[in-house]
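Each chain is listed here by its residues.
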Amino acid sequence: MTSHPLKSLLQLQLASDASSVLHLSSVLLTLSEDSLSPSPHLQKWTSRVTSLIHSKDTGARWAGICLAYRTSSLSKSMMTEFAQSWAGLALSILTPEPLPLLKVSIRYLRHVLSAATDVPGFQRQLATPTVPKFSQALVSIVEKAADYELKALAMDTLRDMVILYPSLNRASSSSITDVCHQILNGSAPQRTNKLLLHHAADLYAVLHYTGGKVGAANLWKKSVDETLQCLWAASMSLRTTFPVKNSPLPSSGLTCDEPVLAVALNLDRLRCSTAALCSLLRTTVQRPIQVPIGRIMEFCLFLLACTADEEKEGHIDTTVRALELVIVPELQSSACDILCCLAKTVQHRLTPYVSRLVVMITYHLEQNPLPERRCALLQCIQTLLSNSFPHSSELGSTRLIKAIILSLMPLLSTQSDAHTGETGSGQNKKGRKRRRDFEGDEVFKLSKDVICSSIAEGKAIICALDALQVTMRGAELQSAIRSLACRVMLSLSLSLTAMSRSSLSRDVHLHSLVHARVNRMCLELARGTTSAMSKSLGLVLRSTVTEGNEHNMLTKLQLQQEVDLLLHARGPPLVRPLPHVEGLSLFRAEESNEELAARTSLALATIHDVNIMDVVAEPFTGAPTPEPTPQPVLTHLPMPTPKIAVHGAISITSPVVASQKMTSSITIAPTKDSADIPSAISNQLPTTLLPPSSSQMEPVPLTVEPRFIPVVDDDEEEERMPTIDMESDSDG
């Protein structure tokens, strides 16, 4: 017959204080709800836990509080029975004690005070005398403790206590507010810790609960007004060398004599106040309130209008000017954070401002910002369009689509890939050997470049795909721009299939995320009418078949909907305007002048255009030219492209899946409008290759260029032995 678990623990692991500390982890794992069921050993167990908490040894007290915490979590009846004695002992520990003992005491008291609010008589016996003392002890820890994690735990616990017991914390609300202001006021030269900042902002956002049901709305409104005033003061202090426009507050100048410290302090205050305002917008209020949308939007529009082009008249300190120019992107990021939080809070009530915000954010996207700033702008666009009604500005939507497509261009092949991949069958043996000798050094290159060299670049591509999907759902777009966007997404779907995971990013999971989003967006663009769905079977199958980690992103409902499209293509009519498949100019002969102009403005070219440029250009003779044309630096890394051979008729290939064993070919015959294409694209470098478009097709053999240069060429084994020409005049 086996003994009771508590009896074994009391006789072995908890026999002494030293053994209790040594075997604490195994004891905590052994305890369960069944072991704490009514038995003769419960009284001995609680007595042993109490004796450990009373011990003079710090380790034994820590073990006792841990056992009390675990016991209270597993048995609610024991928690309510021994809460008064154990909570009093834990409250007395909240003095200068070792860090582990303080943390476990705070966690135990928070659990007891928040888990037994439904027990009759609990608030009168334990909560009323304990909560005010507990709150004051937590405030003291936040003010005096040096460990950031302990401060964050104390503020998080204070937040729970204010929400659960607002009336009991009304007396200590002023001290809690002072602690929050001390953290949210910023610091320099070192910035406020991010962990402390978010916990302080969340605590500051719930202080209005202490006002009760009637006064909570007024306290919340007062907090929002004070935060907006701090935001205006900090932002105007960062624009002392710029002309003041549309500001309710005059420029206050520097807050201290040292310019570097003044700019750093105001920038940190702007960051802290932004976090506080976002927390205030996310919090809950017991009664309906009026959100000052106009005042918040006025401040956001002011931040988005800040650029580095303007300059104030008169004497300007060059040091202050340089510092304020550097932090301009930080102002835009703060505006994006506030707009995202405001859009999620008020949703469609922000619709009157969406058109203006789209134009301003599009302007900043067109300035080619850094990946971190681009990601913030794209996330803001996605949040605004997802939580508001569709705007009717066709011009703004067109500019936005073009700016988003520019963020996706690194995923497409560039014109340099076409030239580096040219080893067609039209070259003779001598030419192939000369090219191999010229490019032989690349075989020994061990490191390979990737498209997304940093985490921010990969995140920017994900945000661009999400923003493009939301923008094309309800926006009024020109038919040429919509057709161009569809062609770009189809090109991405084809190029990602033939692209290896490691060539996109060092994080191999990014390829699955991007590929799933592209396939899902292609399917969404294809559905709508029966004629379109009848020609989109490949897109449906491509989106339903998952590879790698894509099954984690596709839910069961999405799979069911996509399979249902195959069975019942005649879905109900959609409200959003979607073009028929006949309206998409997937072939070059059907491309309109407007779409051609939009494509060339984005530096997008088809493989046919590149071949035309190669034919028009002078052939390569191997000798250096006297005046070479300078080649511009490519803005995007090269991508794998099919081989291109130019002999007789211009032949091109389409991207295919790497796992396919079939070969196909497309041949373009010269047309009357082919001569106009090189002049329209020659000045737009670097260009990006789209799927070819032609109206005449002939079969030619297809060969695909591998992504990486192999160390050993497999084709060399199948080559014939070269014959010696005895009549040649060459000495070799």
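Definitions and cut-offs
- Residues numbered from 1 in each chain as written.
- Predicted model: local features only at pLDDT ≥ 70, side-chain atom pairs only at ≥ 80, totals over all residues.
- Heavy atoms only, no water.
- Helix = DSSP H or I, 4+ residues; strand = E, 2+ residues; numbered from the N terminus.
- Buried < 20%, exposed > 50% of the residue type's maximum accessible area, 1.4 Å probe, protein only.
- Contact = heavy atoms within 4.5 Å.
- Areas by Shrake-Rupley, 256 points an atom, 1.4 Å probe, with all protein chains shown as cover.
- Phe/Tyr/Trp six-rings, centres within 6.5 Å; stacked < 30°, edge-to-face > 60°.
- Lys NZ or Arg CZ within 6 Å of the ring centre and 35° of its normal.
- Salt bridge = Lys/Arg side-chain N within 4 Å of Asp/Glu carboxyl O.
- Axes fitted to C-alpha atoms, helices over the stretch in contact; angles between N-to-C directions.
- Parallel < 35°, antiparallel > 145°, perpendicular 65-115°, else oblique.
- Left-handed = near helix turned anticlockwise from the far one by under 90°.
- Nonpolar A, V, L, I, M, F, W, Y, C, P; charged D, E, K, R; others polar.
- pLDDT = per-residue confidence, 0-100.
- Expected span 1.5 Å × (residues − 1).
- Polar contact = N/O pair within 3.5 Å; in protein donor to acceptor, adjacent residues only side chain to side chain.
- Disulfide = S-S within 2.5 Å.

## Description of the overall build of the chain
1) Next: Scanning the chain for helices and strands turns up 31 helices and five strands.
2) Next: Counting every position in the chain, which comprises 732 residues, the buried fraction comes to 46%.
3) Next: Long-range pairs, those at least 24 residues apart, make up 79% of the contacts in the chain with a sequence separation of at least 6.
4) Next: Entry remark: accessible area of the chain is about 38,000 Å², with carbon and sulfur atoms responsible for 55%.

## Observations regarding the packing of aromatic side chains
1) Next: Summed over all chains, the structure comprises three aromatic pairs.
2) Next: Between F82 and W86 the ring centres are 5.3 Å apart and the planes differ by 20°, which places this aromatic pair in the stacked class. With F82 and W86 both in helix α6 (residues 76–92) and four residues apart, this pair spans about one turn of that helix. Each member of the pair, F82 together with W86, is buried.
3) Next: Here W232 and F299 contribute two aromatic rings whose centre-to-centre distance is 5.1 Å and whose plane-to-plane angle is 75°, an arrangement assigned as edge-to-face. Remark: F299 occurs in helix α14 (residues 293–304) and W232 occurs in helix α12 (residues 212–237); sequence separation between them is 67 residues.
4) Next: Overall, the relative accessible area of 0% leaves F299 in the buried class.
5) Next: Ring pairs connect the aromatic residues W232, F299 and F302, which therefore count as one cluster.
6) Next: When the ring centre of F242 is taken as reference, the NZ or CZ atom of R239 above it lies at 3.6 Å.
7) Next: R321 extends its terminal NZ or CZ atom over the ring of F242, reaching a point 4.3 Å from the ring centre.

## A closer look at the pattern of salt bridges
Any two side chains of opposite charge can pair if their charged atoms end up close together.
1) Next: The final tally for this structure, using the stated rule, is 14 salt bridges.
2) Next: R48 is the partner of D17 in a salt bridge, and the nearest nitrogen-oxygen pair spans 3.3 Å. One end of the pair, D17, is in helix α2 (residues 17–22); the other, R48, is in helix α4 (residues 42–53), and 31 residues separate them in sequence.
3) Next: Judged by its relative accessible area of 29%, D17 falls in the partly exposed class.

## Describing the side chain of T362
1) Next: Position of T362 among the secondary structure elements: in helix α17 (residues 351–366).
2) Next: In this view, T362 contacts R399, L400 and A403; residues no more than four positions away in its chain are not counted.

## A look at the packing of α4 against α6
1) Next: Direction vectors running N to C along α4 and α6 enclose 15°, while the axes themselves pass 11 Å from each other. Classified by the angle between their axes, α4 and α6 sit roughly parallel to one another. Both α4 and α6 take part in a crossing whose hand is right-handed. Contacts between α4 and α6 involve L42, W45, T46, V49, T50 and I53 on the former and, on the latter, M78, F82, W86 and L89.
2) Next: Residue composition of the contact of α4 with α6, by class: eight nonpolar, two polar and no charged.

## Topic: the confidence of the model for the chain
As a general rule, the predicted coordinates of low-pLDDT regions are not to be interpreted in detail.
1) Next: Residues with a pLDDT of 70 or more make up 67% of the chain, whose mean pLDDT is 77.
2) Next: Note that residues 691–719 has pLDDT below 50 and, in this model, 67 contacts with residues that lie over four places away or in other chains.

## As for the environment of Y165
1) Next: Among the structural elements, Y165 can be located in the loop between α9 (148–164) and α10 (173–184).
2) Next: The class of Y165 is buried, set by a relative accessible area of 5%.
3) Next: Taking the C-alpha atoms as reference points, Y165 and S114, 51 residues apart in sequence, are found 9.6 Å from one another.
4) Next: Leaving out residues up to four positions away in the same chain, Y165 has contacts with L113, T117, F122, Q123, A127 and V131.

## Looking at α9
1) Next: With 17 residues, α9 extends 25 Å from end C-alpha to end C-alpha; this agrees with the ideal 24 Å at 1.5 Å per step.
2) Next: Here α9 has its buried residues at L150, K151, A152, L153, A154, M155, T157, L158, M161 and V162.
3) Next: On its buried face, α9 is in contact with α7 (99–115), α8 (122–144), α10 and α11 (194–204).
4) Next: Capping of α9 at its N-terminal end is provided by D147; its side-chain oxygen lies 3.2 Å from the backbone amide nitrogen of E149.

## Structural notes on unusual backbone geometry
1) Next: Cis peptide bonds are those with omega within 30 degrees of zero, and the linkage from A188 to P189 qualifies with 0°.
2) Next: Structurally, P189 can be placed in the loop between α10 and α11.
3) Next: Despite not being glycine, Q347 has its phi angle at roughly 55°, a positive value.
4) Next: Note on placement: Q347 falls in the loop between α16 (328–346) and α17.
5) Next: Q347 sits in the partly exposed class, given a relative accessible area of 40%.

## Quick look at the packing of α12 against α14
1) Next: Look at α12 against α14: their axes get within 11 Å of each other, and the N-to-C directions meet at 15°. Judged by the inter-axis angle, α12 sits roughly parallel to α14. α12 and α14 meet at a crossing whose hand is left-handed. On the side of α12, the interface is formed by D225, L228, L231, W232, S235 and M236, while α14 contributes R295, I296, E298, F299, F302 and L303.

## Notes on the side chain of S135
1) Next: Take S135: it is sitting in helix α8.
2) Next: At a separation of 2.5 Å, a polar atom in the side chain of S135 contacts the side chain of N169.
3) Next: Each residue touching S135, except ones within four places of it in the same chain, is listed here: L158, M161, N169 and S172.

## What to know about the state of the cysteines
1) Next: All told, the structure shown has zero disulfides when counted by the stated rule.
2) Next: The thiol sulfur of C336 is not disulfide-bonded, and the nearest other cysteine sulfur, from C380, lies at 4.3 Å.

## What to know about the environment of R599
1) Next: Mapped onto the fold, R599 is located in helix α29 (residues 593–601).
2) Next: Given a relative accessible area of 1%, R599 falls into the buried group.
3) Next: Along the chain, R599 and K402 lie 197 residues apart, while their C-alpha atoms are 9.4 Å from each other.

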